[in-house]
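Residues per chain are reported as follows:
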Amino acid sequence: MGAFKEMALRYPPLDRRIEMVAADMDGTLLNEHFQLDAETVAAARSLQQNGIRLALASGRAKESLLPFHRQLNLQTPLIAYNGALVWDPISGETLSHTPVPLAEAEEVVRFAEAEGLHWHRFHNERFYAPTRNDWLRLYERRTGLVGETESPPPDEPPTKIILICEPPRPLRLVRELRQQFGGRLYIANTMPEYVEFMHPRAQKGRALRTLARRLNIRTENILAFGDAQNDETMFDAAGMSIAMGDAPDELKAKADLTAPTNREQGVARALQALGLA
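What you see is a predicted model; the values in this text were computed from it and never measured.

Let's shift gears to the overall build of the protein chain. Tallying secondary structure elements over the protein chain gives 10 helices and 13 strands in all. Once the C-alpha set of the protein chain is aligned to its principal axes, its extents read approximately 55 × 40 × 35 Å. In the protein chain, which comprises 277 residues, the share counted as buried stands at 58%. Taking as baseline every contact in the protein chain between residues at least 6 positions apart, the subset at least 24 positions apart corresponds to 58%. For the protein chain, the accessible surface area stands at approximately 11,800 Å², while carbon and sulfur atoms represent 45% of it. Charge centroids of the protein chain, computed over 33 positive and 37 negative side chains, lie 3 Å from each other.

One open sheet holds the five strands; their spatial order is 7-6-8-10-9, and the pairing between them is antiparallel. Two strands lie at the open edges of the sheet, namely strand 7 (126-128) and strand 9 (186-188), each paired on one side alone. Taken over all neighbouring pairs, the strand axes of this sheet differ in orientation by 20° on average, direction set aside. Each of strand 6 (118-123), strand 7, strand 8 (160-164) and strand 10 (194-198) touches helix 5 (residues 134-143); the most contacted strand, strand 6, lies at about 45° to it. Sitting on the sheet, helix 6 (residues 169-181) is in contact with strand 8, strand 9 and strand 10, with an inclination near 165° to strand 9.

We now examine the pattern of salt bridges. With the rule as written, the count across this model stands at 19 salt bridges. A salt bridge links R16 to D15; the shortest N-O distance between them is 3.0 Å. Take R16: its relative accessible area is 27%, and that puts it in the partly exposed class. Since its relative accessible area comes to 63%, D15 is described here as exposed. One salt bridge connects E196 with K160, and the closest N-O pair in it is separated by 3.2 Å. With E196 in strand 10 and K160 in strand 8, this residue pair connects regions lying 36 residues apart in the sequence. Each member of the pair, E196 as well as K160, is classed as buried. Connected through salt bridges with shared partners, the residues D24, K204 and D231 form a single ionic network.

Parameters and conventions
- Residues numbered from 1 in each chain as written.
- Predicted model: local features only at pLDDT ≥ 70, side-chain atom pairs only at ≥ 80, totals over all residues.
- Heavy atoms only, no water.
- Helix = DSSP H or I, 4+ residues; strand = E, 2+ residues; numbered from the N terminus.
- Buried < 20%, exposed > 50% of the residue type's maximum accessible area, 1.4 Å probe, protein only.
- Contact = heavy atoms within 4.5 Å.
- Areas by Shrake-Rupley, 256 points an atom, 1.4 Å probe, with all protein chains shown as cover.
- Lys, Arg positive; Asp, Glu negative; His and termini not counted.
- Charge placed at Lys NZ, Arg CZ, Asp CG, Glu CD.
- Pairing = 2+ DSSP bridges.
- Axes fitted to C-alpha atoms, helices over the stretch in contact; angles between N-to-C directions.
- Salt bridge = Lys/Arg side-chain N within 4 Å of Asp/Glu carboxyl O.

What follows is the structure, given as structure tokens:
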């Protein structure tokens with residue numbers, strides 16, 4: 001497990017048929033500029049030509065994933081909001097939606113405001129923030145979305161909440177808030193500045209199983225790529241997993257293989273080394 005060096009890519013022959021690749025976005029499929037580079041686009045298209053589906057599996061909102069879905073000419077439903085939403089852009093059908101319970105959402109916001117932390121609440125196709133500041137502008141630059149500073153719908157449970165603050169505080173907050181909320185919420189550090197809150201059943205692994213059932217694909221024939229805490233459940237669900245070169249050691253320990261970083265087109269290089277693209 002995780003025994004292969006990032007740059008060598010001396011992977012053993014595949015011991016299974018890969019029918020679908022599920023890829024995280026930020027820190028994984030996207031480069032350091034939060035874009036798809038040419039080598040990654042070419043590898044993704046080669047996958048599809050070889051009859052292998054590519055599924056985007058991200059903590060991002062679906063609106064932030066759609067431009068990449070179109071750029072890659074994908075036909076596979078996408079996993080958004082860390083698994084809280086599985087949605088088919090082709091048909092417009094929602095395959096599953098698991099929002100944050102309203103009482104817990106309000107508790108998270110109260111905690112954030114008491115601690116002076118910036119927060120975002122995501123409702124349907126919109127997201128809300130308490131004020132327009134550098135944290136909101138950072139998130140907008142990264143995702144291409146535009147936040148709103150009016151009050152979010154009071155009686156509508158959000159799909160996801162994010163707290164944003166300077167590293168390394170998010171890692172400490174994850175430990176603290178997991179104790180506070182127990183099993184009532186799924187809490188993960190997904191980017192150095194982010195702490196994300198979802199329904200406890202809203203996980204990438206659960207969403208990947210939902211998608212596999214829909215497409216009649218056995219999970220053991222799925223290859224997953226990821227770089228952060230919120231990819232652990234996807235690694236558990238997939239038959240094979242690859243951690244990015246700068247992923248935490250805990251995630252690398254769960255992975256079957258390690259790829260170069262997203263700055264080095266790690267996904268494309270790993271797919272090429274495995275003979276999939």
